[in-house]
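# Descriptive analysis of the structure
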Amino acid sequence: SLSLILFLLLLLFLLAHAQDTNATVQAIFQAVQALHYNPDADAKRQAGAWLEHFQATPQAWSVVDLILQQNVSTELNFFAAHTMRSKVPFLFGVGRAWSSDIFLLKQMQRSFHELPAETHQALRDSLLRHLQVFSSGLDMIATQLSCAVADLALQMVSWQHPVVDLIAMLRSGRCTFFFFFFFFF
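Presented here is a report on the structure given in the accompanying data block. (Residues numbered from 1 in each chain as written. Predicted model: local features only at pLDDT ≥ 70, side-chain atom pairs only at ≥ 80, totals over all residues. Heavy atoms only, no water.)

## Here's the deal with the overall build of the protein
To be explicit about the condition: Numbering of helices and strands runs from the N terminus, with a helix taken as a DSSP run of H or I at least four residues long and a strand as a DSSP run of E at least two residues long. Here, two residues are considered to be in contact whenever any of their heavy atoms come within 4.5 Å of each other. The Shrake-Rupley method, run with a 1.4 Å probe, gives the accessible areas here. Residue values count only the displayed protein chains as cover.
Per the secondary structure count, the protein includes nine helices and zero strands. Sequence-ordered secondary structure for the protein, helices as α and strands as β, is α-α-α-α-α-α-α-α-α. Sequence separation of at least 24 residues holds for 60% of the intrachain contacts in the protein that already meet a minimum separation of 6. Of the roughly 11100 Å² of accessible surface on the protein, 63% is carried by carbon and sulfur atoms.

Here it is as structure tokens:
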């Protein structure tokens, strides 16, 4: 029947998308490994360029979220957390930047705004979940996530009471003092 055919097509689409995402995660893992452990400087440069290009894509949002959910390795988690931070910057005084930096700043500023407004709450919730997981672990990952949450709080108009929400999160024991200290000081 037609509904069965549509269901099978949808299933095939979802499987293909999942395979693409897994292949992307694997490629990121290999590039991060090359960046950290390959002794060849040219290979490191190529891996770094590829990772920077990936970070600028809209696909990076969902892929790095998945990486943080999977919690595979410290290096991969740091890359994912750093990508989140770099895609949600709140940039003070963009107009005062040097002319050579304006293109980069505007490019970064567009990253958050490439997301539809209706997805901002899901992004916030995801960042807070990741922060809960990583706040008691390595400071470098928690720092990146904390910066992303702080920048998001400044930009997300629909987040009415970010400070109250974050204090409640700390009081409930879902996050460590490190996050609280970093966010407010």
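## Let's talk about unusual backbone geometry
Where we set the bar: Only protein chains enter the accessibility calculation, which uses a 1.4 Å probe; a residue whose area is less than 20% of its type maximum is buried, one above 50% is exposed, and one in between is partly exposed.
We note that Asn71 has phi near 50°; this positive angle belongs to a residue other than glycine. Along the chain, Asn71 falls in the loop between helix H3 (60-70) and helix H4 (74-87). The class for Asn71 is partly exposed, based on a relative accessible area of 41%.

## Some remarks on the nonpolar core
Side chains of a nonpolar character, in soluble globular proteins, are inclined to be buried together. Our working definition: Joining through side-chain atoms within 4.5 Å is the link that ties buried Ala, Val, Leu, Ile, Met, Phe, Trp, Tyr and Cys residues into a set, and such a set is a nonpolar core.
One finds Ile28, Met84, Leu123, Leu127 and Leu145 to be the most contacted residues of the largest nonpolar core, which totals 38 residues. For this core, the secondary-structure elements that each account for two or more residues are helix H1 (2-37), helix H2 (41-55), H3, H4, helix H6 (120-134), helix H7 (139-155) and helix H8 (162-171). Tallying contributions element by element places H7 first for this core, with seven residues. Not counting residues up to four positions away in its chain, the partners in contact with Leu123 are Trp61, Met84, Val88, Phe112, Leu115 and Leu152.

## Focus on H2
The following threshold applies: By this rule, a helix spans an expected 1.5 Å times one less than how many residues it contains. This arc describes the spread of directions from the helix axis toward the C-beta atoms.
For H2, spanning 15 residues, the distance from its first C-alpha to its last is 21 Å, which sits close to the expected 21 Å at 1.5 Å a residue. Along H2, the positions that sit buried rather than exposed are Ala43, Ala47, Gly48, Leu51, Phe54 and Gln55. The buried residues of H2 occupy an angular sector of 135° when the element is viewed end-on, so they sit on one face. Structural note: H2 exposes Ala41, Arg45, Gln46, Glu52 and His53 on the side pointing more than 90 degrees away from its buried face.

## Some points on the pattern of salt bridges
Between side chains of opposite charge, a pair can form as their charged atoms come close. Rules: Counted as salt bridges are all cases of a side-chain nitrogen of Lys or Arg within 4 Å of a carboxyl oxygen of Asp or Glu.
Counted according to the given criterion, the structure contains two salt bridges. Arg45 is the salt-bridge partner of Asp42, the closest N and O atoms lying 2.5 Å from each other. With Asp42 and Arg45 both in helix H2 and three residues apart, the pair spans about one turn of that helix. Given the relative accessible area of 31%, Asp42 is considered partly exposed. In this structure, Asp125 and Arg124 form a salt bridge, with 3.1 Å as the shortest nitrogen-oxygen distance. A relative accessible area of 13% places Arg124 in the buried class.

## Points about the packing of H3 against H4
For the record, the criterion: Interaxial angles span 0 to 180 degrees and are taken between N-to-C directions of axes, which are lines fitted to C-alpha atoms, for helices over the stretch in contact. Handedness of a helix crossing follows the sense of rotation of the near helix relative to the far helix, less than a right angle counterclockwise being left-handed and clockwise being right-handed. Basically, the charged four are Asp, Glu, Lys and Arg, the nonpolar ten are Ala, Val, Leu, Ile, Met, Phe, Trp, Tyr, Cys and Pro, and anything else, Gly included, counts as polar.
Put simply, H3 and H4 touch, their axes get as near as 9 Å, and they point 140° apart. Crossing of H3 against H4: the hand is left-handed. Taken together, the residues of H4 that come into contact with H3 (itself represented by Ala60, Trp61, Val64, Asp65, Ile67 and Leu68) are Leu76, Asn77, Phe79, Ala80, Ala81, Thr83, Met84 and Lys87. The class makeup of the residues in the contact of H3 with H4 is 10 nonpolar, two polar and two charged.

## Regarding the environment of Ser126
As a reminder of what qualifies: Any pair of N or O atoms that falls within 3.5 Å is considered a polar contact. Within protein, one atom must be able to donate a hydrogen and the other to accept it, and sequence-neighbouring residues count only if both atoms are side-chain atoms.
Here Ser126 lies in helix H6. Along the chain, Ser126 and Leu68 lie 58 residues apart, while their C-alpha atoms are 9.7 Å from each other. Separated by 2.3 Å, the side chains of Ser126 and Asp65 make a polar contact.

## Describing the environment of Ser146
With respect to the helices and strands, Ser146 occurs in helix H7. Its relative accessible area of 0% is what places Ser146 among the buried residues. The spatial distance from the C-alpha of Ser146 to the C-alpha of Ser135 is 8.8 Å, given a sequence separation of 11 residues.

The values reported here are purely geometric and, on their own, carry no functional implication.
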